[in-house]
Amino acid sequence: MDRDYHVHSTYSDGRFLFQMVRAAADAGLDGVGIADHCNVSDRDAMAEQKHLLGFNLDQTYERRREAIDRLAEESDIDIYDGVEMDYHPDEEAAIATFLEDADFEYTIGAIDHIETVNIHVEAYFTGKDEGEREAIVDRYFDRLVALVESELFDVAAHPDVIERNPALRGFATEDHYRRAADAFADSRTLPELNAGRALAEYGEFHPTPGFLDALAAHDVPVVVGTDAHKPGEIGERVRHLERYLEKRNLRPVDPMGER
Ligand SMILES: [Zn+2]
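Parameters and conventions
Sequence order as written defines residue numbering, which begins from 1 separately in each chain. With the structure being a predicted model, the display of local features is reserved for residues of pLDDT at least 70 and the display and counting of side-chain atom pairs for 80 or more, all residues being used for whole-chain, interface and lining totals. Each side-chain value is derived from all of the structure's non-hydrogen atoms; neither hydrogens nor water enter the calculation. Here is the rule: rings of Phe, Tyr and Trp (six-membered ring for Trp) pair when centre to centre is within 6.5 Å. Planes less than 30 degrees apart are stacked, more than 60 are edge-to-face, and the remainder are tilted. A helix here means a DSSP run of H or I that spans at least four residues, while a strand means a run of E at least two residues long, and both kinds are numbered starting from the N terminus. Here the term buried applies to any residue with accessible area under 20% of the maximum for its type, exposed to any over 50%, and partly exposed to those in between, with areas from a 1.4 Å probe on protein chains only. By definition here, charges over rings are those cases where NZ of Lys or CZ of Arg is within 6 Å of the ring centre and within 35 degrees of the ring normal. Note that patches include only residues with greater than 30% relative accessible area and no salt bridge, and the join distances are 9 Å for like charges and 5 Å for nonpolar side chains (Val, Leu, Ile, Met, Phe, Trp, Tyr). Calculation of accessible area relied on Shrake-Rupley with a 1.4 Å probe; when residues are assessed, cover is drawn exclusively from the protein chains displayed. For this document, the term salt bridge refers to a Lys or Arg side-chain nitrogen within 4 Å of an Asp or Glu carboxyl oxygen. Under this rule, positive means Lys or Arg and negative means Asp or Glu; His and the chain ends count for nothing. Just so you know, the charge point we use is NZ for Lys, CZ for Arg, CG for Asp and CD for Glu. Coordination shells were defined by N, O and S atoms within 2.8 Å of each metal, extended to 3.2 Å for Na, K and Ca; water is absent from the atom set, which can make sites look incomplete. Every angle between 85 and 135 degrees makes a four-donor site tetrahedral, while opposite donors more than 155 degrees apart, with all other angles between 65 and 115, make a four-donor site square planar and a six-donor site octahedral; other sites are irregular. Residue count minus one, scaled by 1.5 Å, sets the expected span of a helix.

Caption draft 1: Highlighting the packing of aromatic side chains. For the coordinates displayed, the defined rule picks out 13 aromatic pairs. A centroid spacing of 5.6 Å and a plane angle of 85 degrees characterise the contact between Tyr61 and Phe98, whose relative ring orientation is edge-to-face. Residue Tyr61 is found in helix 3 (residues 57-74), and its partner Phe98 is found in helix 4 (residues 92-102); the two are separated by 37 residues along the sequence. Owing to a relative accessible area of 11%, Tyr61 belongs among the buried residues under this scheme. Clustering of aromatic rings is evident, with ring pairs tying together Tyr140, Phe141, Tyr177 and Phe211. The side chain of Arg65 reaches across the aromatic face of Phe104, ending 5.6 Å from its centre.

Caption draft 2: Molecular detail of a negative patch on the surface. Side chains of Glu62, Glu66, Asp69, Glu73, Glu74, Glu100, Asp101, Asp103 and Glu105 sit close together on the surface and give a patch of like negative charge. Contributions of two or more residues to the negative patch are made by helix 3 and helix 4. At 5 residues, the largest contribution of residues to the negative patch is made by helix 3. Among the structural elements, Asp101 can be located in helix 4.

Caption draft 3: Examining the coordination of the zinc ion more closely. Coordination of the zinc ion by the protein comes from His6 (NE2), His8 (NE2), Glu84 (OE) and Asp227 (OD), over a distance range of 2.1 to 2.3 Å. Bound by 4 donor atoms, the zinc ion shows angles of 81 to 165 degrees at the metal and therefore irregular coordination geometry. Read from N- to C-terminus, the donor residues coordinating the zinc ion fall into the pattern H-x1-H-x75-E-x142-D. Of this pair, Glu84 sits in strand 3 (residues 78-86) while Asp227 is found in the loop between strand 9 (223-225) and helix 9 (231-248), placing the two residues 143 residues apart along the sequence. With respect to class, Glu84 is no different from Asp227; both count as buried.

Caption draft 4: Examining helix 6 (residues 130-150) more closely. Between its first and last C-alpha, helix 6 extends 30 Å over 21 residues, near the 30 Å set by a 1.5 Å rise per residue. Those residues of helix 6 lying buried are Arg133, Ile136, Val137, Tyr140, Phe141, Arg143, Leu144, Val145, Leu147, Val148 and Ser150. Phi turns positive one or two residues past the end of helix 6, at Glu151, with a value near 60 degrees.

Below, the structure written as structure tokens:
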């Protein structure tokens, strides 16, 4: 892999842009895509992200763009102006309008909430019985298919992010993977091979090997992202991704390229 398309900066919950770019260069990459969290939603959970966490790229993307341009002048590697956009099926019109105005170089769509709760909140889902957790995973895949079919994004972030949460892990079925792979096969949206938890407790990439098999059966390629929030995460995740790409005989594609 020579490019990482999923890195965060202080324009959401990562570290300074120059630190992330320098770390990508040190990792031997030729290009790095800055994909900060962004939403244009009125949902309570999203308002909280704006106010408490400072995810305000919808208001700061022009400032970030100027910073990227300035850094690009003195950097040896390419820097791309991307976004990790929150997706909800009820908000497609607002997302479309915003993305058209903002004109990022590429867009990643992400689903982080189910039932208004962040998928990472383990305690909430541990309190549910098995049938309920099954239903939540089912709903997650419905949502993923809707994201892909919306054609709003170049990339779908970490397409089985529910696996990160031990309380939701293991409920996804081959049927879910097949449905999602069918949707990707008919869409311009590409799935992301995401290393965000591959060196953490979860220990796997997104999507899981079974999901990747379903995508391969449809000849759907992947875009690669480390999902790094700290500079030190880029190099180790790039090397881990490279080993896995070689093992799976996968060649990642450019989300800004023609399909
Ligand atoms: Zn991310």
